[in-house]
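The residues making up each chain are set out below.
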Amino acid sequence: MKKIEAIVRHYKLEDVKNALSEQGVSGMTITEVRGFGRQKGHTEMYRGTEYAVDFVPKVKVEVVIDDDRLQMVVDTILKAAQTGQIGDGKVFVSELTETIRIRTGETGGEAL
Amino acid sequence: MMAWWTHRRCLFSFLLLAFAAIAVPAFAQDAPAADEGSTLESPTLESLAAGVDEAKLAGHNAWMLTSCALVLFMTAPGLAMFYGGLVRKKNVLSVMMQCLFLMGLMTVLWSLYGYSLAFGGDNPYIGNGDYLFMNDVQQFWNEETNSPETPMEGVIPRLTHMLFQGMFFIITPALICGAFAERMKFSAMVLFSVLWGTLVYCPLCHWVWGGGILAFDGKAYANPDIATASWAGGALDFAGGTVVHISSGISALVCAIMLGRRSGWGHDDMRPHNLTYTALGAAMLWVGWFGFNAGSELASDGLTSSAFAVTHFSAAAGAVAWSLYEWLTRGKPSVLGAASGAVAGLVCITPAAGFVQPMPALAMGAVAGVVCAIACGMKSKFGYDDALDAFGVHGVGGTLGAILTGVFATRACWDIADGAKLGLIEGGSVLKGQIVATLVTWVFSVVMTVVLLLIVKAITGLRVDEETERRGLDIKEHEEEGYLLL
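Residues numbered from 1 in each chain as written. Chains lettered and ligands numbered in written order. Predicted model: local features only at pLDDT ≥ 70, side-chain atom pairs only at ≥ 80, totals over all residues. Heavy atoms only, no water.

Please clarify how the overall build of chain B should be interpreted in this entry.
Within chain B, the regular secondary structure consists of 15 helices and four strands. Overall size of chain B, expressed as C-alpha extent along the three principal axes, is 85 × 80 × 50 Å. Going through the 486 residues of chain B one by one, you find that 52% of them count as buried. Look at the contacts in chain B between residues 6 or more apart in sequence, and 76% of them connect residues 24 or more apart. Each charge class in chain B can be summarised by its mean position, and for the 25 positive and 38 negative side chains these summaries are 17 Å apart. (Helix = DSSP H or I, 4+ residues; strand = E, 2+ residues; numbered from the N terminus. Buried < 20%, exposed > 50% of the residue type's maximum accessible area, 1.4 Å probe, protein only. Contact = heavy atoms within 4.5 Å. Lys, Arg positive; Asp, Glu negative; His and termini not counted. Charge placed at Lys NZ, Arg CZ, Asp CG, Glu CD.)

What follows is the structure, given as structure tokens:
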């Protein structure tokens, strides 16, 4: 199993969710996050005073899937979240050792 | 069908009863009049004149009481929301508390001695005890006429005048709070406001509006042979350019410098936590300012309309000018800029509201929008931390307004000097008095604020400690949080 963590723009969340649902992804977790990548945030101006905003707000989407669906899910996220502009976000893939459904005790792919 | 008819019948009966309830007393009132018709005397000229006077009093007083409420509306919710949105989340309650508490504190002082100190007597330097504890302000029993009597101030009850002026006494120290926001002890703010209101506001108010050394004497201005106690002819200050905005703005600058910068200034994130509040607060200030300026005519007449119009025009031009300035210099017009520009325009027109025409008001608002925007941008260059730009908007805008009043004032608005020309443009010379009054107000405000802050520092200390400032004044000074659910 793999865990995919995608850091995306707020306004792209709906597109990502719909695209993954169409591909049969049955669940996901989202979190409001802040951070920065290569572009190092942005600046805002308040009455002539400039503030550097280092931590830009984003949404993190977490999806757990079987190994054989990895490429399809990653491609779906990339397609749905991409604008081509700086700040589109990142996708991280990591190995997941176990998943357990609390209600039934099922494990692995059965639990997804 | 039956239910519908029953319903209609009930409704009809109800309407009939309601009509009877209204009509019967009316007929009852009419009936004796008809009976007495033969004995009723024709109204005399005196009784007609008294009726007209009562109607005029009612009109003036209704507008002035409305203005009182509008000006109070400026402090809270107006200023409280305007300032509340500009501070960080952890300090939102502290600035709202300052506004709310000052509404109480300054009112108490005003009722006990403030009004008397500001408006009592003819001494050119300070008021007297004539109105202490609302004496000769409140209604009293007249033994000669055997009836209650209301002391009058011009065309309105002195009680109304006291209330209206009291609202200015509340908002002026509240404006200063913007400079020392997020770091001054609440106890220090209270003590400073008591001393500042008593020793700076009341004398200054007396000098300008109480017939003192900065009061404009129209007769002396029209005829230089007449001796006057005013310096350089005094100042035209319709609604508080010197008394309210310059005094508070300059004192705010001194506070900002003497308290020092907020901890983390220059590197911590000090962005306004809720510009929605600020935008709404600015809009409330705009509305309340109609009472502030148009109410300062102390009556409801033609000049009231003029003051209302120029107030609106200047605010509008200020909002547009500040926004355009930002649009041109940094590519985007900001909401904070539009809100600040409106306030800057309102500040600038305040001393001039009774003296200038609508088109100059547009110009004054536009100039104030740009100049105050530049002034607010200068604080980071000079390194002082006027947290919410009390000096940048009120000090600079008020000074600009006082000077421009000397340029644009016209006798066509208010013939205050027996036909003598007023502003520079129409060939008058009031500008000299405006400049002198502005300088006097600057110097007086600086010196007194320094002295008062030193006194307060010795008694309570000025600043909260480092940990309190880091955790926020809300939790440490008031043991409350503004946003429990966020």
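Teacher, can you tell me more about the pattern of salt bridges here?
It is possible for side chains of opposite charge to pair when their charged atoms get near one another. All names here are of chain B. A complete count under the given rule lists 23 salt bridges over all chains for this structure. With a shortest N-O distance of 2.7 Å, Glu-469 and Arg-463 are connected by a salt bridge. A relative accessible area of 3% means that Glu-469 is categorised as buried. A salt bridge links Glu-467 to Lys-476, with the shortest nitrogen-to-oxygen separation between them at 3.8 Å. A relative accessible area of 45% places Glu-467 in the partly exposed class. Among the residues examined, Lys-476 registers a relative accessible area of 34% and is labelled partly exposed. Residues joined by salt bridges that share partners form a network here, namely Arg-88, Glu-182, Arg-262 and Asp-385. (Salt bridge = Lys/Arg side-chain N within 4 Å of Asp/Glu carboxyl O.)

Help me understand a nonpolar patch on the surface in this model?
Where nonpolar side chains cluster on the molecular surface, the patch consists of Val-443, Val-446, Val-447, Val-451, Ile-455 and Ile-459 of chain B and spans about 480 Å² of accessible area. Assignment of secondary structure puts Val-451 of chain B in helix 13 (residues 430-459). (Patch = residues over 30% accessible without salt bridge, like charges linked within 9 Å, V, L, I, M, F, W, Y side chains within 5 Å. Areas by Shrake-Rupley, 256 points an atom, 1.4 Å probe, with all protein chains shown as cover.)

Explain the sheet that holds strand 2 (residues 29-35) of chain A to me, please; I cannot follow it from the model alone.
Hydrogen bonding along the main chain pairs the strands of a sheet, whether they run parallel or antiparallel. Residue and element names in this part refer to chain A. Taken together, the four strands give an open sheet; going across it, the order is 2-5-1-6, and neighbouring strands pair in antiparallel fashion. Taken across any chain shown, the strands that pair with only one partner, and hence form the sheet edges, are strand 2 and strand 6 (90-95). Between one strand axis and the next, the sheet turns by 25° as a mean value, whatever way the strands run. In the sheet, strand 1 (residues 2-8) pairs with strand 5 (residues 56-65) via seven bridges, with the strands oriented antiparallel. Directly across from Ile-7, in strand 5, lies its bridge partner Lys-60. (Pairing = 2+ DSSP bridges. Axes fitted to C-alpha atoms, helices over the stretch in contact; angles between N-to-C directions.)

What exactly am I supposed to notice about unusual backbone geometry here?
Peptide bonds are, in most cases, trans, and in most cases residues other than glycine have a negative phi. Following Ala-76 of chain B, the chain continues to Pro-77 of chain B via a peptide bond in cis, the omega torsion being 15°. Tracing the chain through its elements places Pro-77 of chain B in helix 2 (residues 45-86). Although it is not a glycine, Arg-47 of chain A sits at a positive phi angle of roughly 45°. Residue class for Arg-47 of chain A comes out buried when judged on its relative accessible area of 5%.

Where do I start with the pairing of strand 4 (residues 49-53) of chain A in this structure?
Taken residue by residue, a regular strand's side chains alternate between the two faces of the sheet. All names here are of chain A. Here strand 4 shows one buried face, formed by Thr-49, Tyr-51 and Val-53, and one open face, formed by Glu-50 and Ala-52. Bridge count between strand 3 (residues 42-46) and strand 4: five bridges; the pairing is antiparallel. Bridging across to strand 4, Thr-43 finds its partner in Ala-52. Hairpin remark: strand 3 followed by strand 4, antiparallel, with two residues in the connecting loop; positive phi at Arg-47, about 45°.

I'm lost on the UniProt feature "domain: Ammonium transporter AmtB-like" (unreviewed entry) in chain B in this one. Help?
UniProt records the feature "domain: Ammonium transporter AmtB-like" (unreviewed entry) for residues 62-483 of chain B in the present numbering. Strand forms 2% of residues 62-483 of chain B and helix 64%; the C-alpha atoms that close the span are 39 Å apart. (UniProt positions renumbered as here; feature names shortened; annotations may be inferred.)

Looking at this structure, I do not really get the state of the cysteines. What am I missing?
When the sulfur atoms of two cysteines share a covalent bond, that bond is a disulfide. Residue and element names in this part refer to chain B. Throughout the structure, instances matching the rule amount to zero disulfides over all chains. With no disulfide of its own, Cys-348 has Cys-372 as its nearest cysteine by sulfur position, at a separation of 7.3 Å. Judged by its relative accessible area of 0%, Cys-348 falls in the buried class. Looking at Cys-372, it has no disulfide partner, and the nearest cysteine sulfur is the one in Cys-376, 6.5 Å off. (Disulfide = S-S within 2.5 Å.)

Just to check I follow, could you spell out the confidence of the model for chain B for this structure?
Residue and element names in this part refer to chain B. In the predicted model, chain B carries a mean pLDDT of 92, and the fraction of residues at 70 or more is 91%. Counting contacts from residues 1-6, a segment whose pLDDT is below 50, to residues more than four positions away or on other chains yields zero contacts. For the stretch residues 19-37, pLDDT sits under 50, and the model shows one contact to residues farther than four places along the chain or on other chains. (pLDDT = per-residue confidence, 0-100.)

Would you take a moment to explain the interface of chain A and chain B for this structure?
Interface extent is often summarised as the accessible area lost during association of the parts. Counting from both sides, the interface comprises eight residues of chain A and, opposite them, 17 residues of chain B. Considering only the surface of chain A that becomes buried against chain B, Tyr-46, Arg-47 and Tyr-51 of chain A emerge as the three largest contributors, covering 69% of it. At the junction of chain A and chain B, the tally comes to two salt bridges. The salt bridge partner of Asp-389 of chain B is Arg-47 of chain A, with a shortest N-O separation of 3.2 Å. Residues that form the side of chain A that touches chain B fall into these classes: four nonpolar, two polar and two charged. (Buried area = accessible area lost by both parts, 1.4 Å probe. Nonpolar A, V, L, I, M, F, W, Y, C, P; charged D, E, K, R; others polar.)

So what exactly am I meant to see when it comes to the UniProt feature "modified residue: O-UMP-tyrosine" (unreviewed entry) in chain A here?
Following the UniProt record, the feature "modified residue: O-UMP-tyrosine" (unreviewed entry) maps to Tyr-51 of chain A here. If you trace the backbone, Tyr-51 of chain A turns up in strand 4. We classify Tyr-51 of chain A as buried; its relative accessible area is 17%. Residues in contact with Tyr-51 of chain A, not counting those within four places in the same chain, are His-42, Thr-43, Glu-44 and Tyr-46 of chain A together with Asp-268, Asp-269, Met-270 and Arg-271 of chain B.

Which parts of the structure should I look at to understand the packing of helix 8 (residues 275-294) of chain B against helix 10 (residues 335-349) of chain B?
In helix packing, the relevant descriptors are the interaxial angle and the interaxial distance, both defined with respect to the helix axes. All names here are of chain B. Packing of helix 8 against helix 10 brings their axes to within 9 Å, and their N-to-C directions diverge by 20°. By the angle class used here, helix 8 and helix 10 are roughly parallel. By crossing handedness, the relation of helix 8 to helix 10 is classed as left-handed. Where helix 8 approaches helix 10, its residues Leu-275, Thr-278, Ala-279, Ala-282, Leu-285, Trp-286, Trp-289 and Asn-293 are matched on the opposing element by Val-335, Leu-336, Ala-339, Ala-342, Val-343, Leu-346, Val-347 and Ile-349. Taken together, the residues of the contact of helix 8 with helix 10 break down into 14 nonpolar, two polar and no charged. (Parallel < 35°, antiparallel > 145°, perpendicular 65-115°, else oblique. Left-handed = near helix turned anticlockwise from the far one by under 90°.)

What is the right way to read the side chain of Arg-271 of chain B from this model?
Position of Arg-271 of chain B relative to the elements: it lies in the loop between helix 7 (241-259) and helix 8. Side chain to side chain, Arg-271 of chain B and Glu-44 of chain A meet in a polar contact 3.0 Å long. The contacts of Arg-271 of chain B, once residues within four sequence positions are left out, are Glu-44, Tyr-46, Tyr-51 and Val-53 of chain A together with Val-87 and Arg-88 of chain B. (Polar contact = N/O pair within 3.5 Å; in protein donor to acceptor, adjacent residues only side chain to side chain.)

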